[in-house]
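Given next are the chains, with one letter for each unit.
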Amino acid sequence: MRGLVVLLISKAAGPSKAADDTLQHDMVSGIYASQRNLAEITELIHTAFLVHRGIVNITELKSCDGPLKDMQFGNKMAILSGDFLLANACTGLAQLQNTKVVELVSSAIGDLVQGIYYENSYLPEKNAFTDDIGITNWMEHIFLSHGALLAKGCQAAMELAKHDTEVQSMAFQYGKHMSLSYKLNSDLQPFLNGKHSGTSFGLNCAPVVLHQEFVGREAWMEEVKQAHLKGNLIDLAKLQEAIKAGKGVTAAIDLCRYHGNKALENLQCFPPSKARSALENIVYAVTRFP
């Protein structure tokens, strides 16, 4: 999706007034070749980090999980494959020959690393459900791990077309708010879809964080305590019902719509077109709830 959004926003913005006439021959269907390369690079970086996230924690493995050597080999392949994709992305980035774009995308890689570090610091084995993250910190961490690459990719696409800083800022804000609304929608699904009841929500997802803010630290800890099972396990179905009965889910829906509206506002600087409509439809798809 990230590469697609970069292509769509490039087409929606079109060439700038400051663009050289010599660049026009390099444009196909309203998109510069450099912008197409940037879209591929953005997707490569995202895929590389997905592969790296597939590394298994060997210390947590049990005998029923399979041979240890197979898991170790799989980890090595995940590291090498992810590094290979990142190396190709860096090579393509250098070939764009634009120092500002290199700076933007490299800073997005740094943001991804920082965001993943925050995610790992709140893993369940470190008692994530007892940590009072707060929605402000949650938003900051989610932007780093999910939104920075898209937001800076959109901004970099405007830089390649020589758009001014105002248009670049609008593109950045669209990518930021759209990715936040997308993540909020994803976090809400287990609470809106009965099929996933009690099985597929994280204890640090947006509805849970907001619920904790509404009920307070002590009440949240009591709910977690009541949902405890033997062996330090948690009855997620019971905890889910408690969260659904509170204000966390509706607050997350409101927050999702807020960021969706902010994303739509930032698209108004682009002229009406099919590409802009497609970008708007992406936002509508994640902000409409039953």
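All values reported here derive from a predicted model rather than from experimental measurement. (Residues numbered from 1 in each chain as written. Predicted model: local features only at pLDDT ≥ 70, side-chain atom pairs only at ≥ 80, totals over all residues. Heavy atoms only, no water.)

1. Here's the deal with the overall build of the protein chain
No. 1: Along the backbone of the protein chain there are 11 helices and 2 strands.
No. 2: When the helices and strands of the protein chain are read in sequence order from the N terminus, they spell out α-β-β-α-α-α-α-α-α-α-α-α-α.
No. 3: Here the protein chain holds 290 residues, and 45% of them are scored as buried.
No. 4: Taking the intrachain contacts of the protein chain between residues at least 6 apart in sequence as the baseline, contacts between residues at least 24 apart amount to 74%. (Helix = DSSP H or I, 4+ residues; strand = E, 2+ residues; numbered from the N terminus. Buried < 20%, exposed > 50% of the residue type's maximum accessible area, 1.4 Å probe, protein only. Contact = heavy atoms within 4.5 Å.)

2. A word on the nonpolar core
No. 1: L38, I45 and Y174 are the most contacted members of the largest nonpolar core, which has 43 residues in total.
No. 2: For this core, the secondary-structure elements that each account for two or more residues are α1 (2-13), α2 (33-53), α3 (68-95), α4 (99-121), α5 (135-160), α6 (165-192), α10 (248-266) and α11 (274-287).
No. 3: Once residues within four sequence positions are removed from consideration, L38 is found in contact with V6, L96, V101, V105, G153, A156, A157 and L160.
No. 4: In terms of nonpolar packing, the next biggest core, distinct from the first, is built from 28 residues, M139, V209, L239 and F289 among them. (Core = buried A, V, L, I, M, F, W, Y, C linked by side-chain atoms within 4.5 Å.)

3. Here we look at the pattern of salt bridges
No. 1: According to the stated counting rule, one finds 5 salt bridges in the structure shown.
No. 2: K152 serves as the salt-bridge partner of D111, at 2.7 Å between the closest nitrogen and oxygen. On the criterion of sequence distance, the pair formed by D111 in helix α4 and K152 in helix α5 is long-range, its members being 41 residues apart. Exposure class is identical for D111 and K152. Each is buried. (Salt bridge = Lys/Arg side-chain N within 4 Å of Asp/Glu carboxyl O.)

4. Observations concerning the confidence of the model for the protein chain
No. 1: Averaged over every residue, the pLDDT of the protein chain is 83; residues scoring 70 or more account for 87%.
No. 2: Low confidence marks residues 124-130, where pLDDT is under 50. Its contacts with residues over four positions away, or in another chain, come to 15 contacts. (pLDDT = per-residue confidence, 0-100.)

5. So, the packing of aromatic side chains
No. 1: Across all of its chains, the model carries 1 aromatic pair by this definition.
No. 2: Taking 6.1 Å as the distance between ring centres and 65 degrees as the angle between the ring planes, the aromatic pair formed by F143 and F172 counts as edge-to-face. A residue pair is termed long-range when its members are at least 10 positions apart, and F143 in helix α5 and F172 in helix α6 qualify at 29 residues.
No. 3: On the basis of relative accessibility, which here comes to 16%, the residue F143 falls in the buried class.
No. 4: Over the aromatic face of F143 sits the side chain of K176, whose NZ or CZ is 5.7 Å from the ring centroid. (Phe/Tyr/Trp six-rings, centres within 6.5 Å; stacked < 30°, edge-to-face > 60°. Lys NZ or Arg CZ within 6 Å of the ring centre and 35° of its normal.)

6. Thoughts on the environment of L44
No. 1: Mapped onto the elements, L44 comes out in helix α2.
No. 2: A residue is classified by how much of its surface remains accessible, and L44, at 24% relative accessible area, is partly exposed.
No. 3: For the pair formed by L44 and C90, sequence separation is 46 residues and the distance between their alpha carbons is 9.7 Å.
No. 4: Residues in contact with L44, not counting those within four places in the same chain, are L85, N88 and A89.

7. Section: a nonpolar patch on the surface
No. 1: The grouping of F73, M77 and L80 at the surface amounts to a nonpolar patch, some 330 Å² of accessible area in total.
No. 2: Examined against the element boundaries, F73 turns out to sit in helix α3. (Patch = residues over 30% accessible without salt bridge, like charges linked within 9 Å, V, L, I, M, F, W, Y side chains within 5 Å. Areas by Shrake-Rupley, 256 points an atom, 1.4 Å probe, with all protein chains shown as cover.)

8. Section: helix α9 (residues 236-245)
No. 1: Among the residues of α9, those classed as buried are L239, Q240 and I243. Buried residues of α9 fall within an arc of 105 degrees about the axis and therefore sit on the same side.
No. 2: As for α9, its buried residues are in contact with α6, α7 (206-215), α8 (217-226) and α10. (Arc of directions from axis to C-beta.)

9. Considering the packing of α1 against α5
No. 1: Close contact between α1 and α5 brings their axes to 9 Å; oriented N to C, the two are set at 30 degrees. It follows from the interaxial angle that α1 and α5 lie roughly parallel. Classified by chirality, the crossing of α5 by α1 is right-handed. Residues R2, V5, V6, I9, S10 and A13 of α1 lie in contact with α5, whose contacting residues are H146, L149, L150, G153, C154, A157 and M158.
No. 2: Of the residues in the contact of α1 with α5, the class split is 9 nonpolar, 3 polar and 1 charged. (Axes fitted to C-alpha atoms, helices over the stretch in contact; angles between N-to-C directions. Parallel < 35°, antiparallel > 145°, perpendicular 65-115°, else oblique. Left-handed = near helix turned anticlockwise from the far one by under 90°. Nonpolar A, V, L, I, M, F, W, Y, C, P; charged D, E, K, R; others polar.)

10. Remarks on α6
No. 1: A rise of 1.5 Å per residue sets the reference length of α6, with its 28 residues, at 40 Å; its end C-alpha atoms lie 40 Å apart and thus fit the reference within 8%.
No. 2: Where α6 begins, one side-chain oxygen reaches toward the backbone nitrogen of E166, 3.2 Å away; that side chain belongs to D164. (Expected span 1.5 Å × (residues − 1). Polar contact = N/O pair within 3.5 Å; in protein donor to acceptor, adjacent residues only side chain to side chain.)

11. Brief notes about the side chain of Q35
No. 1: Within the element layout of this structure, Q35 appears in helix α2.
No. 2: Within the local environment of Q35, its side chain forms a polar contact with the backbone oxygen of A157, the two atoms lying 2.8 Å apart.
No. 3: Discounting chain neighbours no more than four positions away, the residues touching Q35 are V6, L7, S10, A157, L160 and A161.

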